[in-house]
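# A look at the structure
Okay, here's what each chain looks like letter by letter:
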Amino acid sequence: MSENLIDQIDTDKLPLHIAIIMDGNGRWAKKKSLPRVVGHEYGVKSVRVVAETAAKLGVKYLTLYTFSTENWNRPAFEVKAIMTLLVRTIRSEIKTLQKNNIRLKAIGDIDNLPPDAKKELLSAIELTKNNDSMDLILALNYSARWDIVHATKKIAEMVKNNEISINDINESIISKSLTSGEFPEPELLIRTSGELRISNFMLWELAYGEFYFTDIYWPEFDKNAFYKAILDYQKRERRFGKTSEQVH
Ligand code: FPP
């Protein structure tokens, strides 16, 4: 089955950048009468499978919505468990990253992560900085509106310091000032678990993104589910506001 799906993928038309809202860990655990935290632990397995599969296919950037600014409002023990899992996973998955030549990156308010999480993350980013098959970008302490406000402050600072004038402000400067500024925009957004929302994720960058929703809970999202999302994307016609005739 897996062989079949992968054979249908046109590797010349892969999205360069795929972004994923990994949703449904809690509901998957509940369905199995397990604590929510176990859902997050199984979610890590899907992260590993999807990252390896994406790198092997030739995807160049994979962004995962791992912890949102709003997630701090969850019960304290769950926040703590996710942060502990994050530290443990980054430490234990370094070898997976190195083996697959994947470079770790992050977007979001990284400076305000708990110190141990920040330290582990920055250390893994440094250790993998020369890898070049794919960038695995973790959105951590991230919200798109925070990123836009943060970018606006950076730009205001540049104007204040006479580095640019107000008339120089354009879409490119705003894109580059986001914490995602060094990456191209995602062509494909995947959200698992049947929710049909964007939840404050890459609002600027997804202006022309294709959205793919699946009912599968994140811990059950596997290679085949990933291939299906890519195949669905490859059937679409991306018009960027033009007519169908113009793009053909
Ligand atoms: C969404 O499920 C998932 C999260 C908020 C956390 C995602 C974290 C991981 C998969 C673990 C760490 C990952 C890495 C990359 C090291 P949910 O809890 O919102 O599920 P629900 O909507 O069913 O409650």
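Below, the structure is looked at part by part. (Residues numbered from 1 in each chain as written. Predicted model: local features only at pLDDT ≥ 70, side-chain atom pairs only at ≥ 80, totals over all residues. Heavy atoms only, no water.)

### Quick notes on the site of the ligand
For the ligand, the set of nearby residues contains 18 residues, the closest of which are Met-22, Asp-23, Arg-27, Arg-36 and Arg-74. One of the side-chain nitrogen or oxygen atoms of Asp-23 is found 3.0 Å away from an oxygen atom of the ligand. Within the side chain of Arg-74, one N or O atom sits 2.7 Å away from an oxygen atom of the ligand. Within the complex, the protein chains bury 92% of what would otherwise be the 630 Å² of accessible surface of the ligand. Every element with two or more residues in the shell around the ligand is listed here: α2 (25-31), α3 (36-57) and α4 (76-99). A total of 5 residues in the shell around the ligand trace back to one element, the largest contributor, which is α3. (Near = heavy atom within 4 Å. Polar contact = N/O pair within 3.5 Å; in protein donor to acceptor, adjacent residues only side chain to side chain. Areas by Shrake-Rupley, 256 points an atom, 1.4 Å probe, with all protein chains shown as cover. Helix = DSSP H or I, 4+ residues; strand = E, 2+ residues; numbered from the N terminus.)

### Concerning the environment of Asp-147
Tracing the chain through its elements places Asp-147 in helix α6 (residues 144-160). In this structure, the C-alpha to C-alpha distance between Asp-147 and Ile-125, residues 22 residues apart in sequence, is 20 Å. Apart from the residues within four sequence positions on either side, Asp-147 is in contact with Tyr-142, Leu-178, Thr-179, Ser-180 and Glu-205. (Contact = heavy atoms within 4.5 Å.)

### Overview of the sheet that holds strand β6 (residues 210-213)
Taken in spatial order, the 6 strands of this open sheet run β3-β4-β2-β1-β5-β6, and their pairing is parallel. One side of each edge strand has no neighbouring strand; the edge strands of this open sheet are β3 (102-107) and β6. Averaged over all pairs of adjacent strands, the angle between strand axes in this sheet comes to 20 degrees, irrespective of strand direction. The sheet contact formed by strand β1 (residues 17-21) and strand β2 (residues 61-68) spans 5 bridges and is parallel. Residue pairing across strands places Ile-20 opposite Leu-64, the latter belonging to β2. α4 contacts β2, β3 and β4 (134-142) of the sheet and is inclined by roughly 155 degrees relative to β2. (Pairing = 2+ DSSP bridges. Axes fitted to C-alpha atoms, helices over the stretch in contact; angles between N-to-C directions.)

### Observations concerning the pairing of β1
Counted residue by residue, β1 has 5 buried out of 5 residues, so it is predominantly covered. Every second residue of β1 is oriented toward a common face, with His-17, Ala-19 and Ile-21 on one face and Ile-18 and Ile-20 on the other, all of them buried. Alignment of β1 against strand β5 (residues 188-191), held across 4 bridges, turns out to be parallel. When the sheet's bridge partners are listed, Ile-18 is paired in β5 with Leu-188. (Buried < 20%, exposed > 50% of the residue type's maximum accessible area, 1.4 Å probe, protein only.)

### Focus on the side chain of Ser-46
Here Ser-46 is to be found in helix α3. Contact partners of Ser-46, with chain neighbours within four places excluded, come to Trp-218, Pro-219, Glu-220 and Phe-221.

### Details of unusual backbone geometry
Look at Asn-101: it is not a glycine, yet its phi comes out positive at around 60 degrees. Secondary-structure assignment places Asn-101 in the loop between α4 and β3. Classification of Asn-101 as partly exposed rests on a relative accessible area of 27%. Even without glycine at this site, Ser-199 takes up a positive phi of about 45 degrees. A relative accessible area of 30% places Ser-199 in the partly exposed class.

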